[in-house]
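# Coordinates in review
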Amino acid sequence: MSTPEPTEEELRAAYEEELKRITVAEVVLQTVVSLVNLAGRRLGLASGAEDERDPAQARDAIDAVRGLLPVLERQPGAQLGPIRDALSQLQMAYAKESGSAAPGEGGEPGPGPGGGGSGPGPAAPATPKPKEGAGPAQSSGRLWVPGQ
């Protein structure tokens, strides 16, 4: 014998109870995890997802995660190391895939100074002149090198 389908009123009441229980931080965290997973698939990093490659969607997911991280950082006791690690790996994979800098790190627009927003933003800091013999990452002016 099957149980009767819940009525629309019962479904609405259950939904209201769920909204009372859940926090915005939980929804943001679930969203970030979903975006990290989607970006990995769109970069072809997941097993069997090679045919799902879409670098533009991966870039959007990476930018969205970068935009949501400050919200999660405000939460007491937030353990964001694994998310930051995954984001770094995604940015590296995207840079390798696109043959350019990671989103927000050069030619690609991204959140932050000079990228992605509408209208003029704050001026980007001046890039230091590369030292002779510096590698590509260090000569970009975006790599922190101890003592320099």
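Residues numbered from 1 in each chain as written. Predicted model: local features only at pLDDT ≥ 70, side-chain atom pairs only at ≥ 80, totals over all residues. Heavy atoms only, no water.

## Quick word on the overall build of the chain
Along the backbone of the chain there are five helices and zero strands. In the chain, the order of α-helices and β-strands from amino to carboxyl end is α-α-α-α-α. When each of the 148 residues of the chain is scored for burial, the buried share is 21%. Once local pairs closer than 6 in sequence are excluded, the contacts in the chain between residues at least 24 apart make up 48%. Looking at the chain as shown, the accessible area adds up to about 10600 Å², and 55% of this sits on carbon and sulfur atoms. (Helix = DSSP H or I, 4+ residues; strand = E, 2+ residues; numbered from the N terminus. Buried < 20%, exposed > 50% of the residue type's maximum accessible area, 1.4 Å probe, protein only. Contact = heavy atoms within 4.5 Å. Areas by Shrake-Rupley, 256 points an atom, 1.4 Å probe, with all protein chains shown as cover.)

## As for the pattern of salt bridges
What the rule picks out here adds up to seven salt bridges. Between arginine 53 and glutamate 97 there is a salt bridge, with its nearest N and O atoms 2.7 Å apart. Of this pair, arginine 53 sits in the loop between helix 2 (24-42) and helix 3 (55-73) while glutamate 97 sits in helix 4 (residues 81-98), and the two are 44 residues apart along the sequence. You can call arginine 53 partly exposed: its relative accessible area is 41%. (Salt bridge = Lys/Arg side-chain N within 4 Å of Asp/Glu carboxyl O.)

## Some details on the packing of helix 2 against helix 3
Each pair of packed helices can be described by the angle between their axes along with the distance between the axes. At a minimum axis separation of 9 Å, helix 2 and helix 3 run at an interaxial angle of 155°. By the criterion of interaxial angle, the relationship of helix 2 to helix 3 is roughly antiparallel. Relative to helix 3, helix 2 is oriented so that their crossing is left-handed. Residues Ala25, Val28, Leu29, Thr31, Val32, Leu35, Val36, Ala39 and Arg42 of helix 2 lie in contact with helix 3, whose contacting residues are Pro55, Gln57, Ala58, Ala61, Ile62, Ala64, Val65, Leu68, Val71 and Leu72. (Axes fitted to C-alpha atoms, helices over the stretch in contact; angles between N-to-C directions. Parallel < 35°, antiparallel > 145°, perpendicular 65-115°, else oblique. Left-handed = near helix turned anticlockwise from the far one by under 90°.)

## Examining the confidence of the model for the chain
Averaged over the chain, the pLDDT score is 77; the fraction of residues at 70 or greater is 66%. Averaged over each element, pLDDT in the chain is lowest for helix 5 (residues 136-139) (50) and highest for helix 3 (96). Here residues 105-131 is a poorly scored stretch, pLDDT under 50, and it has 25 contacts once near neighbours within four places are set aside; other chains count. (pLDDT = per-residue confidence, 0-100.)

## Re the nonpolar core
Core analysis: the biggest nonpolar cluster contains 18 residues, and Val32, Val65, Leu69 and Leu72 have the highest contact counts within it. The element that contributes the greatest number of residues to this core is helix 3, accounting for six residues. Apart from residues no more than four positions distant in its own chain, valine 32 is found in contact with Val65, Leu68, Leu72 and Ile83. (Core = buried A, V, L, I, M, F, W, Y, C linked by side-chain atoms within 4.5 Å.)

## Points about helix 4
What sets the pattern is the α-helix's 3.6 residues per turn: residues three or four places apart point alike. Taking 1.5 Å as the rise per residue, helix 4 with 18 residues should run 26 Å; its terminal C-alpha atoms sit 26 Å apart, in good agreement. Along helix 4, the residues classified as buried are Ile83, Leu87, Leu90, Gln91, Ala93, Tyr94 and Ala95. In this structure, the buried side of helix 4 is in contact with helix 2 and helix 3. Following helix 4 by one or two positions, glycine 99 adopts a phi angle in the positive range, close to 70°. (Expected span 1.5 Å × (residues − 1).)

## Describing the packing of helix 3 against helix 4
The interhelical angle for the contact between helix 3 and helix 4, taken along N-to-C directions, is 155°, at an axis separation of 10 Å. Regarding the angle of helix 3 to helix 4, the classification is roughly antiparallel. In the crossing of helix 3 with helix 4, the sense of the turn from one axis to the other is left-handed. Residues Pro55, Arg59, Ile62, Val65, Arg66, Leu69, Leu72 and Glu73 of helix 3 pack against Ile83, Arg84, Leu87, Leu90, Gln91, Tyr94 and Glu97 of helix 4.

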